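Examining the three-dimensional arrangement
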Amino acid sequence: MSTELTDQDTAHNTVQAMLPRDTPVQLLAADGRFTADAGPHPYQPPSVERLQEMYRRMVIGRRVDQQATALTKQGKLAVFPSAHGQEACQVGAVLALRQTDWMFPTYRESMALIARGIPPVEVLSLLRGDWHCGYDPRAHRCAPHATPLATQSVHAAGFAYAEAQQGRDTVALVHVGDGGTSEGDFHEAINFAGVFAAPVVFLVQNNGYAISVPLSQQSAAPSLAYKGIGYGVVSQQVDGNDPAAVLSVLDSAVAHARSGQGPYLVEAHTYRMQSHTNADDATRYRDDSEVQAWVARDPITRLEAHLRGCGALDDDAVTAVSDEAESVAADLREALSTRAEPRPTELFEHVFAHRTPQLDEQRDQLLSELADAREETQS
Ligand SMILES: Cc1ncc(C[n+]2csc(CCOP(=O)(O)OP(=O)(O)O)c2C)c(N)n1
Ligand SMILES: [Mg+2]
C-alpha cells in the first residue's frame, strides 16, 4: 500500500488541524492537581512564576470587581458588569500578550484592563457616566471598551491587518461574549481575518448567558469554537476556569497569530457568577443550584490549591496578595469619592471641529433642563 498522501488526505489533515478538540483543554482539575488529560497535546503548563503572577492579578481583579459592585450601590458608579468567575480568562488574555500587542475589550473586561496596568479609576470612568473612554488607548494599547456587541471584532481585524501590512508583528486580541458570536460584526470580522490572515486572537468567553438568554437558545453549535472552521480559522476550546489551561492555550493562539499563520479562535467555557450588571436580577432566570455547581469550579481556589500543592504559595504569600488587593480597592474608593462630577455639557464638545447649530440647540436644552431640576430640588 502506498504511504504517499493524496490530495484528499491533505485536505482532511488541514481540516482536522483547524478543528477544536471534542472536549475543552484542561490541565488542572478542580482540586488543583494536574489532570490525567494533561497530555498528550501541545499545551504545556505555564511556568510556576507566571502562574504566581496570574494568581496575584486574579485576586486583585476579584477584589476590585467586588468593590466596583459596592460602588454602584452607593451611586458612585452608574453601572458595572462583573467578571467574577471569569478571572482566568480576564488575566490569561493579558499575560499571553506582549506590551506591544493590542486588546479590544467589551464592557465586561474591566478586570482585564486593570490587569493590563491601567489605573482602576481610569478603567471605571466610562461606567461612572463620563462620556469618554477614561484611559489613553494608545498608551496602554487597549481600544476603548465596546458596548455595542461585537463591533470591537471588526476594529481588531482591521487593526491587526494594518499592523501586519506595515511589517509589525503586533497581535490583536479581541474579547467576545457567547451572545456576541451571533452578531453579524463577529462573522464579518472573522471572515476578513481568515481571508487576509490577520493576526487576531478571538477570545470567546462563553459564560453561559447573554443577559437572560442561555447558550442553548443562542447557538445549536456543539461548541462555539466550531464557528472558526467555516471561515478557515484554527480554533480550540478550553476550560475557562482552569488558569493553567487558559494561559497555555492563549499562548499557542498568540504564537500562531504572531508567526503569520493567521487568526485563531479560542472558546473559553466559564460562568458569570453575578448578574449581568447591577441593573439585572439573575435569580429571575437561573437556579441557585446551577450557580453553586460553578462555585466548585472557582478559578482562584483552583489556582491557589495548585500553587500550594507545588510549594509555590504559602499563607504569608496569600496574605500579602490579599493585603495588596485591599489597598487597591481602598485607593479606588477614595479616588471615586473625591473625583469631580462629570460636566454634562462636555458631551457636546469635540464632536465636530465647529459646533453645529443643532448641537448648540441640544446643549441649551440640556442646560435649561438642568436649571429647572436644580430649582425643583431647592424649592
Ligand atoms: C449590538 C447590540 N445589541 C444588543 C445589545 C444589548 N446587550 C448588551 S449586553 C448583551 C448580552 C451580551 O451577551 P454576551 O455576548 O454573551 O456577553 P456577556 O454580557 O455575557 O459578557 C446584550 C444583548 C448591545 N449592547 N449591542
Ligand atoms: Mg455571555
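Residues numbered from 1 in each chain as written. Chains lettered and ligands numbered in written order. Predicted model: local features only at pLDDT ≥ 70, side-chain atom pairs only at ≥ 80, totals over all residues. Heavy atoms only, no water.

1. Comments concerning the coordination of the magnesium ion (ligand 2)
- Binding of the magnesium ion (ligand 2) to the protein goes through Asp178 (OD), Asn207 (OD1) and Tyr209 (O), at separations of 2.1 Å.
- Site description for the magnesium ion (ligand 2): donor spacing in sequence, D-x28-N-x1-Y. Highlighted residues: aspartate 178 in the loop between strand 2 (172-177) and helix 9 (184-195) and asparagine 207 in the loop between strand 3 (200-206) and strand 4 (209-210), separated in sequence by 29 residues. Residue aspartate 178 shares its accessibility class with asparagine 207, and that shared class is buried. (Donors = N, O, S within 2.8 Å, 3.2 Å for Na, K, Ca; no water. Helix = DSSP H or I, 4+ residues; strand = E, 2+ residues; numbered from the N terminus. Buried < 20%, exposed > 50% of the residue type's maximum accessible area, 1.4 Å probe, protein only.)

2. Overview of the sheet that holds strand 1 (residues 102-104)
- Spatially, 1-2-3-7-6 is the arrangement adopted by the five strands of the open sheet, whose pairing is parallel. Both edges of this open sheet fall to strand 1 and strand 6 (234-239), since each of them pairs with a single strand only. The average angle at which neighbouring strand axes cross in this sheet is 20 degrees, direction not considered.
- Of the pairings in the sheet, the one linking strand 1 to strand 2 comprises three bridges and is parallel in character. (Pairing = 2+ DSSP bridges. Axes fitted to C-alpha atoms, helices over the stretch in contact; angles between N-to-C directions.)

3. Observations regarding the pattern of salt bridges
- On inspection of all chains with the given rule, the structure shows 20 salt bridges.
- A salt bridge links aspartate 251 to arginine 50; the nearest nitrogen and oxygen atoms lie 2.7 Å apart. Of this pair, aspartate 251 sits in helix 10 (residues 243-258) while arginine 50 is found in helix 2 (residues 48-73), placing the two residues 201 residues apart along the sequence.
- Here aspartate 251 falls in the partly exposed class, since its relative accessible area comes to 23%.
- Aspartate 239 serves as the salt-bridge partner of arginine 297, at 3.6 Å between the closest nitrogen and oxygen. One end of the pair, arginine 297, is in the loop between helix 11 (288-295) and helix 12 (299-309); the other, aspartate 239, is in strand 6, and 58 residues separate them in sequence.
- Using a relative accessible area of 28% as the deciding quantity, one classes arginine 297 as partly exposed.
- What you see here is one network of salt bridges that share partners, running through Glu53, Arg56, Arg57 and Glu324. (Salt bridge = Lys/Arg side-chain N within 4 Å of Asp/Glu carboxyl O.)

4. Brief notes about helix 3 (residues 87-96)
- Summarising burial for helix 3: 10 of the 10 residues are buried, a large majority.
- When we look at burial in helix 3, the residues that qualify are Glu87, Ala88, Cys89, Gln90, Val91, Gly92, Ala93, Val94, Leu95 and Ala96.

5. Side note on the site of ligand 1
- Residues in contact with ligand 1 amount to 15 residues; listed here are only the nearest, Tyr107, Arg108, Gly179, Gly180 and Tyr209.
- Residue glycine 180 places a main-chain N or O atom 2.8 Å away from an oxygen atom belonging to ligand 1.
- Take histidine 276: an N or O atom from its side chain is 3.5 Å from an oxygen atom of ligand 1.
- For the shell around ligand 1, the residue count by class is six nonpolar, six polar and three charged. (Near = heavy atom within 4 Å. Polar contact = N/O pair within 3.5 Å; in protein donor to acceptor, adjacent residues only side chain to side chain. Nonpolar A, V, L, I, M, F, W, Y, C, P; charged D, E, K, R; others polar.)

6. A short note on the packing of helix 3 against helix 10
- Across the interface, helix 3 lies against helix 10 with an axial gap of 9 Å and an inter-helix angle of 40 degrees. Judged by the angle between their axes, helix 3 and helix 10 are oblique. For the pair helix 3 and helix 10, the sense of crossing is right-handed. Of helix 10, the residues touching helix 3 (which contributes Ala88, Cys89, Gly92, Ala93, Leu95 and Ala96) are Pro243, Val246, Leu247, Leu250, Asp251 and Val254. (Parallel < 35°, antiparallel > 145°, perpendicular 65-115°, else oblique. Left-handed = near helix turned anticlockwise from the far one by under 90°. Contact = heavy atoms within 4.5 Å.)

7. Description of the packing of aromatic side chains
- For the coordinates displayed, the defined rule picks out 10 aromatic pairs.
- Look at tryptophan 102 and phenylalanine 159: their rings are 4.8 Å apart centre to centre, the planes differ by 45 degrees, and that puts the pair in the tilted class. Placement of the pair is tryptophan 102 in strand 1 and phenylalanine 159 in helix 8 (residues 151-165), with a sequence separation of 57 residues.
- The class for tryptophan 102 is buried, based on a relative accessible area of 13%. (Phe/Tyr/Trp six-rings, centres within 6.5 Å; stacked < 30°, edge-to-face > 60°.)

8. Re the nonpolar core
- Residues Met54, Tyr55, Val201, Val238, Leu250 and Val266 are the most contacted members of the largest nonpolar core, which totals 66 residues.
- In this structure, methionine 54 is in contact with Ala88, Val91, Gly92, Leu95, Pro243, Leu247 and Leu303, ignoring residues within four places of it in sequence.
- Counting residues in hydrophobic clusters, the runner-up holds 21 residues, among them Trp102, Ala143, Val176 and Val204. (Core = buried A, V, L, I, M, F, W, Y, C linked by side-chain atoms within 4.5 Å.)

9. Topic: the environment of alanine 146
- With respect to the element layout, alanine 146 can be found in the loop between helix 7 (137-140) and helix 8.
- Remark: the alpha-carbon pair of alanine 146 and phenylalanine 104, spanning 42 residues in sequence, is separated by 7.9 Å.
- Those residues in contact with alanine 146 that lie beyond four places of it in its chain are Pro105, Thr106, Tyr107, Thr151 and Gln152.

10. As for the pairing of strand 7 (residues 264-269)
- For strand 7, the tally of buried residues reaches six of six residues, placing the bulk of the element in the interior.
- Residues Tyr264, Val266 and Ala268 line one face of strand 7 and the alternating positions Leu265, Glu267 and His269 line the opposite face, and both faces are buried.
- Pairing of strand 6 with strand 7 involves six bridges; the strand directions are parallel. Within strand 7, the position partnered with valine 238 by the bridge is alanine 268.
- For the crossover that starts at strand 6, traverses helix 10 and ends in the parallel strand 7, the hand is right-handed. (Right-handed = clockwise from strand over helix to strand, strands pointing away.)

11. Looking at a negative patch on the surface
- A cluster of like negative charges, contributed by Glu369, Asp372, Glu375 and Glu376, occupies part of the molecular surface.
- Relative to the helices and strands, glutamate 369 resides in helix 14 (residues 357-378).
- By relative accessible area, glutamate 369 is classed as partly exposed at 45%. (Patch = residues over 30% accessible without salt bridge, like charges linked within 9 Å, V, L, I, M, F, W, Y side chains within 5 Å. Areas by Shrake-Rupley, 256 points an atom, 1.4 Å probe, with all protein chains shown as cover. Lys, Arg positive; Asp, Glu negative; His and termini not counted. Charge placed at Lys NZ, Arg CZ, Asp CG, Glu CD.)

Purely spatial values, then, with no claim about function.
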